[in-house]
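Analysis of the macromolecular model
These are the residues of each chain, in order.
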Amino acid sequence: MLKYSIKRLLQSLLTLFIIVTVVFLLMRLLPEEGYFGASYEKLDENQREAILTNMGLRDPMHKQLIGFYKDLLNGDLGKSITFRPKVPVLDIIKDKVPYSLYFGLGAIGISLLLGVSLGIAMARNKNKFWDKLGTGYVVFIRAVPAAVYFLFLQLYVTGIFKLPMLFDIDKPKTWILPVISMSLGGIASYAMWMRRYMVDELNKDYVKLARAKGLKSKQIMVKHVFRNAFVPMAQYLPSAILFTIAGSIYIESLYSIPGMGGLLVEVIKRQDNTLVQALVLVYSSIGIVGLFLGDILMALFDPRINLQKKGGAR
Amino acid sequence: MGKGVVNKLTDSINEDLFQFAEYNEEEAKRGGYSNYSYWRSTWQVFIKNRLAVFLLTLMAVILVFTIIQPYLPNQKSPTEIHINPETRLPLANNSPSSEHWFGTNSIGQDLWSRIWNGSRTSLMIGITVGIWEAVIGITVGAMWGYIRWLDRPMTEIYNVINNIPKTIILVLMTYIMKPSLYTMIIAMGLTSWIDMARFVRNLTVIIRDREYNLASKCLGTPTRRIIAKNLLPYLVSVIMLTIALSIPQTIGYEVFLTYIGLGLPVSIPSLGNLINEGRSLMMVASQRYQLIFPSIVISIITISFYMMGNVFSDAADPKNHV
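1. Quick look at helix α13 (residues 273-301) of chain A
- Here α13(A) spans 41 Å end to end across 29 residues, near enough to the 42 Å set by a 1.5 Å rise per residue.
- With 21 of 29 residues buried, α13(A) is to be regarded as a mostly interior element.

Right, here's the structure in full:
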C-alpha cells in the first residue's frame, strides 16, 4: 500500500507541474489591457511599458517560468499584482479560507446526515409516498438553477423568520440560512445516489440469505446493505470535504460572506497572474489528493477492493 | 438430346413453392419468430408513461413556439425600447398588462418577447452543446476505454483538462473572438466533452472483457465494429440519460456564466441574461415578476428534459421491454 501511494503521488506531481505550466502560459496569452483595469485609458504607452516591466512581464517567457518555479520551491507563492497589489498571495488566501471552510463543513455535515437518511427512506419505501416525495425534491433541486432558488430562499425565509439578510460574523443567527441553502444540493445528490445503490444492493443474494437466517429488516439494512451501498459514495467524500475551502460563489456573494467563493473567477478576470497560479496549484492539488484519499477510503470500507495491480488481473 | 427429360423436370416443379408467402403473425409466432425492434419497443415503453408524453408534447410546443413567435402577429421586438407617448419617457418596469403580457424591464423592453427570444437562444446553446458533447464524448470515451494503450495518456490528458479552470478558457475565448452566441457554444463545447468521455470510458472498461467481446475479437472483428456493435448498444440507456441531463446543465451553466459576468451581451437575450437582470430587481416586491417569469420558463424546460431523460433511459433498457 505504501509503495503504491508513493508511486501514485509522484505521478501526480508531474500532472500538477503540467497543469500549473499550462495555466501559467495561458495567463500570459491574455491581452495586456487586463493588467490595468479601468486605468488603461489614462496611461500613455511609456507608462504602460514601465508598469509591465515592473511586473516582470517583459522578461523572456522561460525566465519568468523558471523564476516562478524557483520561488515555489522556496515556498514563496509570490505577491498579488492587481487584486490587492503587493500583498503576499498566502495572506489573501489565509484570510478567506476559514469562512468558506466553516460554511462548507457545516453544509457537508447536514447534507450527509439528511441526504443519506432520505436515500435510505426512499429505498425502503420504493415507489411509495416517501420515494415519490424524495424524487420530486431531487428533480426540483437539479432542474431549477441554484441562482434562482437561493435568491428566493434568502428573500422569503429571512422574511418569515425575521432573520437579517446579510451575514454578520458576530450574529450566530446569520450563519443558519447560508449553511442550509448550501446543503440543499448535497442532500439531493446524496439521496439520489444512496437510493440507487441501496436498491441495487437489496436485490442481491446475500440479502435473501440474511432474511432466510431470520435477521430483522433493520439489522439487514444497517449491518449489510448500508455498508455495501456506501462504498461507491465514500470515494467522493474526501474531495467534497477538501473542496469546501473553495467556497460557494452564489451563497457567499448573496450573503456577503468574505470567503473564497468567486475569488478564482475574480482574479482571472483581473489577470492577477500570481494569485491565479497559486489558486490553481491549491485547487488541483486538492483535486488530486481528494481522488487518492477517496480510493483509499473505498478500500478501507470494502476489503475486497485492492488498489495494487497483481499479475493476472488488469 | 434429352429434350423430353427437361420438359419433364419443368413439369414436376410446383409453381406454388415460388410464390411470395404472405406474412402471417400467428404462423410466425409458432415458429419462434418475433418482430422485435429495439427502437420500436423503446418507443412503446416510453409512450406508456403519460407524464413523459405530456412533457414531450410540451417541449415540442415550446420549441416550435420559440421559433415561430417572432413571426406571429402583434409581437414586439425583444430589443425595442417602448416609449410612453405622453411623458416621452421609456416605459420602464411596467407590470404585466394587456399590452405587455409579462411587463417591461428596467429600460422599457417587452419582457414577453425577450423571454421567448431568450429561450430560443438558451435552447439552441443547450441542444448544440448537448449533441456535440454526445458525439465527441462517446467517440473518445469508447476508444479510451477499449484501446488499452490509450488509457494512460488519456487519463493524464483528462487530469490536466479537468484541473485547468474553465473560466480561464472562457475569458481567453471571449478575447480571441467577440462575445457572441458562437463563442459561447464553442467555449462550452471545448471543455464539456471530457466528462462525458470519462463516463463512457468507465462503462466501457466494465464490459470490454466479457466473453462475447473476446469471441468477437477471435473471429477477427475490427475494433471499430466491436465498439459500434458490441459496446455502444449496451450503453444506450445511460448515455441517453446523460445527454438529456446535459441540456438543462448547459442552460444552468449559461446562467452561472452570466452571473459571473462572462455570459452573452445584454443585446442578445438569453435566459441567463434575463435571470441576471431580474436578480438585481428582486428586492422590490412590485418588480419581482421580472425574475419570476424567466425562472418559471427555465424551470419548465429543465424539469421536462430531466424527467424525459429518466423515463427514456428506463425505456431504452431492454430489461423493461415486453
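2. Here we look at the packing of helix α1 (residues 2-29) of chain A against helix α3 (residues 61-73) of chain A
Residues and elements named next belong to chain A.
- For the pair α1 and α3, the least separation of the axes is 11 Å and the interaxial angle reads 135°. With respect to their mutual orientation, α1 and α3 come out oblique. Once α1 is placed against α3, the crossing between them reads as right-handed. Counted together, Phe17, Val20, Thr21, Phe24, Leu25 and Arg28 of α1 and Met61, Gln64, Leu65, Phe68 and Tyr69 of α3 form the full contact between these two elements.
- Of the residues belonging to the contact of α1 with α3, the class tally is eight nonpolar, two polar and one charged.

3. Quick look at the nonpolar core
- Of all hydrophobic cores here, the largest spans 106 residues; its most connected members are Val23(A), Val276(A), Leu279(A), Ile125(B) and Ile301(B).
- In terms of residues, this core owes the most to one element, α13(A), which gives nine residues.
- Once you skip the residues sitting within four places of it in the chain, Leu279(A) turns out to touch Ile93(A), Met260(A), Leu263(A), Leu264(A) and Val267(A).
- One finds Ala123(A), Ala210(A), Ile220(A) and Ala229(A) within the second-largest nonpolar core, a separate group that totals 16 residues.

4. Observations regarding the interface of chain A and chain B
- In this complex, chain A contributes 40 residues to the contact, which on the side of chain B involves 37 residues.
- A combined buried area of about 3,400 Å² lies between chain A and chain B, and 74% of that area is made up of carbon and sulfur atoms.
- The interface formed by chain A and chain B contains zero salt bridges.
- For the pair chain A and chain B, the number of links is four residue pairs in polar contact (both at pLDDT 80 or more).
- Counting residues per element, the ones that place at least two in the side of chain A that touches chain B are α1, α5 (129-143), α6 (146-161), α11 (249-254), α12 (263-269) and α13 of chain A.
- It is α1(A) that contributes the most residues to the side of chain A that touches chain B, nine residues altogether.
- Looking at side-chain class alone, the side of chain A that touches chain B contains 31 nonpolar, six polar and three charged residues.

Definitions and limits used
Residues numbered from 1 in each chain as written. Chains lettered and ligands numbered in written order. Predicted model: local features only at pLDDT ≥ 70, side-chain atom pairs only at ≥ 80, totals over all residues. Heavy atoms only, no water. Helix = DSSP H or I, 4+ residues; strand = E, 2+ residues; numbered from the N terminus. Expected span 1.5 Å × (residues − 1). Buried < 20%, exposed > 50% of the residue type's maximum accessible area, 1.4 Å probe, protein only. Axes fitted to C-alpha atoms, helices over the stretch in contact; angles between N-to-C directions. Parallel < 35°, antiparallel > 145°, perpendicular 65-115°, else oblique. Left-handed = near helix turned anticlockwise from the far one by under 90°. Contact = heavy atoms within 4.5 Å. Nonpolar A, V, L, I, M, F, W, Y, C, P; charged D, E, K, R; others polar. Core = buried A, V, L, I, M, F, W, Y, C linked by side-chain atoms within 4.5 Å. Buried area = accessible area lost by both parts, 1.4 Å probe. Salt bridge = Lys/Arg side-chain N within 4 Å of Asp/Glu carboxyl O. Polar contact = N/O pair within 3.5 Å; in protein donor to acceptor, adjacent residues only side chain to side chain.

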